[in-house]
Amino acid sequence: MLNIDLHCHSNISDGLLRPALVAARAKARGVDVWALTDHDEVSGIPEARKAAAELGLTYVPGVEISISWAGETVHIVGLNFDETNQDLIQGLARTRSGREQRAREIAAQLALAGVPDAYEGALKYVGNPDLISRTHFARYIIELGIYHDVSAVFRNYLVEGKPGYVPHRWASLQQAVSWIRGAGGVAVIAHPGRYRFDAIAFDALFEEFKNLGGAAIEVITGSHTVDQYAEYAKVAKRYGFLASRGSDFHGPGESRVDLGELPPLPDSVTPVWHDWKM
Ligand code: AMP
Ligand code: MN
Ligand code: MN
Ligand code: MN
């Protein structure tokens, strides 16, 4: 059975390794089919594809788009699209454009909470000046010794109700799905178990996504518990979604789940790759 990992990050967004090194790590860890899914950015794809080809790794173009839905941030993964599509490229550029100002506001809040120079501090970890993210602030907070791992930082900073949280308006669900589909790709709701919606809101999200042409949800992801694997396999069946699998790897020593490490999809679901030629 092929080891397929369709969700991870390089330093083109908030991962630690450059795309070619993520490819090498995927290969070394037994991945056969691999997608790099940087946040709101496709500029890592050429390097990722070239490295994958040299390693004999089957490459799938990917992206993880930040959207705002019902006042919450949701992530939509796009897979197997044409990354030179201009609507997609321009849409992503617009989505990224608020990050700089947001970062300055995050830093101003952190300064008031006793975390000095956070803008400059976060920037030291940024690989792509167009994509400064909360993860980069988290790394700086760790550098200062305030907390020792990313999840502890995200329990105490950078989230709603804590210092360094700046609400942000991302793309809409409709835009993200239409950019992905317009570029010939398949849209996937990332790590659904992470969103704090009630049953009514989840149903509305899944129905709206389906009506827009969304095709899949992540079932096996580094963000889900074992119980959530079964729960979202059932959701996939109920709504007629295909199922995806991905580690959401960000970096060695930082991510709980490494590339290629998760269990396979349950037999009850249809894989998102079922009709891909590879
Ligand atoms: P941003 O796009 O700037 O809002 O940053 C979002 C990123 O922060 C996510 O993609 C994760 O990499 C990271 N993140 C958010 N919440 C957590 C958490 N609880 N634990 C670890 N990383 C998190
Ligand atoms: Mn991330
Ligand atoms: Mn995500
Ligand atoms: Mn991710």
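Here the structure is a predicted model, which is why all the values come from computation and not from measurement. (Residues numbered from 1 in each chain as written. Chains lettered and ligands numbered in written order. Predicted model: local features only at pLDDT ≥ 70, side-chain atom pairs only at ≥ 80, totals over all residues. Heavy atoms only, no water.)

The biggest cluster of nonpolar side chains holds 72 residues, and the ones touching the most others in it are Trp34, Ile76, Leu79 and Val272. The element that contributes the greatest number of residues to this core is helix H10 (residues 226–239), accounting for 6 residues. Residues in contact with Leu79, not counting those within four places in the same chain, are Leu6, Ala35, Thr37, Val60, Pro61, Gly62, Gly185, Val186, Val188, Ser244, Val272 and Trp276. Grouped together as the second largest cluster of nonpolar side chains are 19 residues, Phe137, Ile141, Val153 and Tyr157 included. (Core = buried A, V, L, I, M, F, W, Y, C linked by side-chain atoms within 4.5 Å. Buried < 20%, exposed > 50% of the residue type's maximum accessible area, 1.4 Å probe, protein only. Helix = DSSP H or I, 4+ residues; strand = E, 2+ residues; numbered from the N terminus. Contact = heavy atoms within 4.5 Å.)

This part covers helix H9 (residues 199–211). The first and last C-alpha atoms of H9 sit 18 Å apart over 13 residues, in line with the 18 Å expected at 1.5 Å per residue. The complete set of buried residues in H9 reads Ala201, Phe202, Leu205, Phe206 and Phe209. Around the axis of H9, the buried residues are gathered within 135 degrees of arc, so they sit on the same side. In H9, the exposed positions angled more than 90 degrees off the buried face are occupied by Ala199, Ile200 and Asn211. Gly213 sits one or two residues past H9 and shows a positive phi near 105 degrees. (Expected span 1.5 Å × (residues − 1). Arc of directions from axis to C-beta.)

To continue, consider the pattern of salt bridges. What the rule picks out here adds up to 13 salt bridges. One salt bridge connects Asp40 with Arg99, and the closest N-O pair in it is separated by 3.1 Å. Within this pair, whereas Asp40 is found in the loop between strand S2 (33–34) and helix H2 (45–55), its partner Arg99 is found in helix H4 (residues 99–112), the two being separated by 59 residues in sequence. Here Asp40 falls in the buried class, since its relative accessible area comes to 0%. A salt bridge links Glu143 to Lys124, with the shortest nitrogen-to-oxygen separation between them at 2.8 Å. With a gap of 19 residues between them, Glu143 in helix H6 (residues 134–143) and Lys124 in the loop between helix H5 (118–123) and H6 connect regions that are remote in the sequence. Counted as one network, the salt bridges with shared partners bring together Arg25, Arg29, Asp258 and Glu261. (Salt bridge = Lys/Arg side-chain N within 4 Å of Asp/Glu carboxyl O.)

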